[in-house]
Amino acid sequence: RVEMDRFNVVHGHTHPTLTKAANKDWEAPFFFAQLADTQLGMLTLMRKGNKNDWAKELAMMETAVEHLNRLKPRFAIVCGDLVNSFPADAELQEKQVVDFKTCLAKVHPDIALLCVCGNHDIGDRPNSATIDLYRTRFGSDFFEFWIGGIRGLVLNTQLYKDSSDCQEMAATQDAWLSEQLKGSPQPYTIVFSHIPPFINSPSEPNGYFNINTDIRADLLDRMHAAGVRAWFCGHYHRNAGGVDRGMEVVITTAVGTTLIPSGVDPLGLDGFTGPDIGPHTSGFRLVKVQRDGVKHKFYTFTEMPAGVQAGSDTWV
């Protein structure tokens, strides 16, 4: 039987089982899987096909589940855009959410499963209704979790991209984040979101795919002051990233539809020529968590390794 309620477990802003009390002590190196942009329905929308057809993205999700269950990471996290349809198309989005849950619920119950909300999940200009709908489906849109001695912070970055219709909700998250960033938990903190603060450089200009410079600078300053070690994101449908004062921003391409770079406008919507999908380009990232930091590598489904040695400095 497919268990559906494992997606709606975080109420309030602390994971009910991955708590500090139970998981604050460092144990040993482990690894997790970072997925992004399963985004059921994106391919046919871009190709102007049947909007009710997301079979190819679903096939990539099924492949991801097979690899997760074989590799057995400590946890798997999907960094946003779980589905492609916006809340405004309520019926279509609901169908995509059901298929997303049905597929990902096949991840073995020993693998903790975490979801992050993206702009397609709550809308480019979210409001209390779209965020509340997400919460009824997936639980809290921002929260803390602890696992294996490290702390994770999950953010709703759409509230930093456009909060014009939900300013109170955005203020609540930002105050919560400030409180979480007080002190320096040991060994370290990792942040997860959909939209990255930047694509390649902290000083890059504003674009569709990053957070605006004024908000970005404030967030990066606060992350630096708190000693955040890494910030894992999606949204870009390509691999990218950079470093700000020792904190690495890691952008992971899609489990579903990836984007073919155009060579121009890397921060905007002219930065790609079209979509691509398949085991040769779709995949997810494996992240080794070691006492002194994280090491990570992206694998397409074709390249996925036979296993992971979490304590090793090499990848096989």
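The structure contained in this document is the topic of the report that follows. Here the structure is a predicted model, which means the values were calculated and not measured. (Residues numbered from 1 in each chain as written. Predicted model: local features only at pLDDT ≥ 70, side-chain atom pairs only at ≥ 80, totals over all residues. Heavy atoms only, no water.)

## Focus on the nonpolar core
Ranked by size, the top nonpolar core spans 45 residues in total, and within it Leu35, Phe100, Leu104, Phe284 and Leu286 carry the most contacts. Elements with a contribution of two residues or more to this core: β1 (30–35), α3 (55–71), β2 (75–79), α4 (90–104), β3 (112–116), α6 (128–138), α8 (167–180) and β12 (283–290). It is α3 that contributes the most residues to this core, six residues altogether. If sequence neighbours within four positions are ignored, leucine 286 has contacts with Phe31, Phe32, Ala33, Leu71, Lys295, His296, Lys297, Tyr299, Met304, Pro305, Val308 and Trp315. (Core = buried A, V, L, I, M, F, W, Y, C linked by side-chain atoms within 4.5 Å. Buried < 20%, exposed > 50% of the residue type's maximum accessible area, 1.4 Å probe, protein only. Helix = DSSP H or I, 4+ residues; strand = E, 2+ residues; numbered from the N terminus. Contact = heavy atoms within 4.5 Å.)

## Regarding the packing of α3 against α4
Axis separation between α3 and α4 bottoms out at 9 Å; the angle between their running directions is 25 degrees. With respect to their mutual orientation, α3 and α4 come out roughly parallel. The element α3 and its partner α4 pack so that their crossing is right-handed. Counted together, Leu58, Met61, Glu62 and Val65 of α3 and Asp99, Phe100, Cys103 and Leu104 of α4 form the full contact between these two elements. (Axes fitted to C-alpha atoms, helices over the stretch in contact; angles between N-to-C directions. Parallel < 35°, antiparallel > 145°, perpendicular 65-115°, else oblique. Left-handed = near helix turned anticlockwise from the far one by under 90°.)

## Digging into the sheet that holds strand β6 (residues 189–192)
With mixed pairing, six strands are arranged side by side in an open sheet as β4-β5-β6-β7-β9-β8. Across the chains shown, the open sheet's two edge strands, defined by having one partner strand only, are β4 (143–147) and β8 (240–244). Direction aside, the axes of adjacent strands within the sheet are offset by 20 degrees on average. The pairing of β8 with strand β9 (residues 247–251) spans five bridges and is antiparallel. When the sheet's bridge partners are listed, aspartate 244 is paired in β9 with methionine 247. Set on the sheet, α8 makes contact with β4 and β5 (150–154); between it and β5 the angle comes to about 165 degrees. Along the sheet, helix α9 (residues 213–225) makes contact with β6, β7 (230–233), β8 and β9, crossing β7 at roughly 135 degrees. (Pairing = 2+ DSSP bridges.)

## Some points on the side chain of threonine 44
Along the chain, the position of threonine 44 falls in helix α2 (residues 42–46). Once residues within four sequence positions are removed from consideration, threonine 44 is found in contact with Gly49, Asn50, Lys51 and Asp53.

## Quick notes on the pattern of salt bridges
The full count for this structure, using the stated rule, is 16 salt bridges. The partner of aspartate 141 in a salt bridge is arginine 135, with the nearest N and O atoms 2.7 Å apart. According to the relative accessible area criterion, aspartate 141 is buried, its value standing at 1%. Residue arginine 135 is classed as partly exposed on the basis of its relative accessible area, which comes to 26%. Among the salt bridges present, the one from aspartate 221 reaches arginine 245, with a minimum N-O distance of 3.0 Å. In this pair, aspartate 221 sits in helix α9 while arginine 245 sits in the loop between β8 and β9, placing the two residues 24 residues apart along the sequence. Judged by its relative accessible area of 43%, arginine 245 is partly exposed. (Salt bridge = Lys/Arg side-chain N within 4 Å of Asp/Glu carboxyl O.)

## As for α4
Taking 1.5 Å per residue, 15 residues should reach 21 Å; α4 reaches 21 Å between its end C-alpha atoms and fits that length. Residues Leu92, Gln93, Gln96, Val97, Phe100, Lys101, Cys103 and Leu104 constitute the buried set of α4. Looking straight down α4, one finds its buried side chains confined to an arc of 165 degrees; they lie on one side. Tucked into the core, α4 has its buried residues touching α3, β2, β3, α5 (119–122) and α6. (Expected span 1.5 Å × (residues − 1). Arc of directions from axis to C-beta.)

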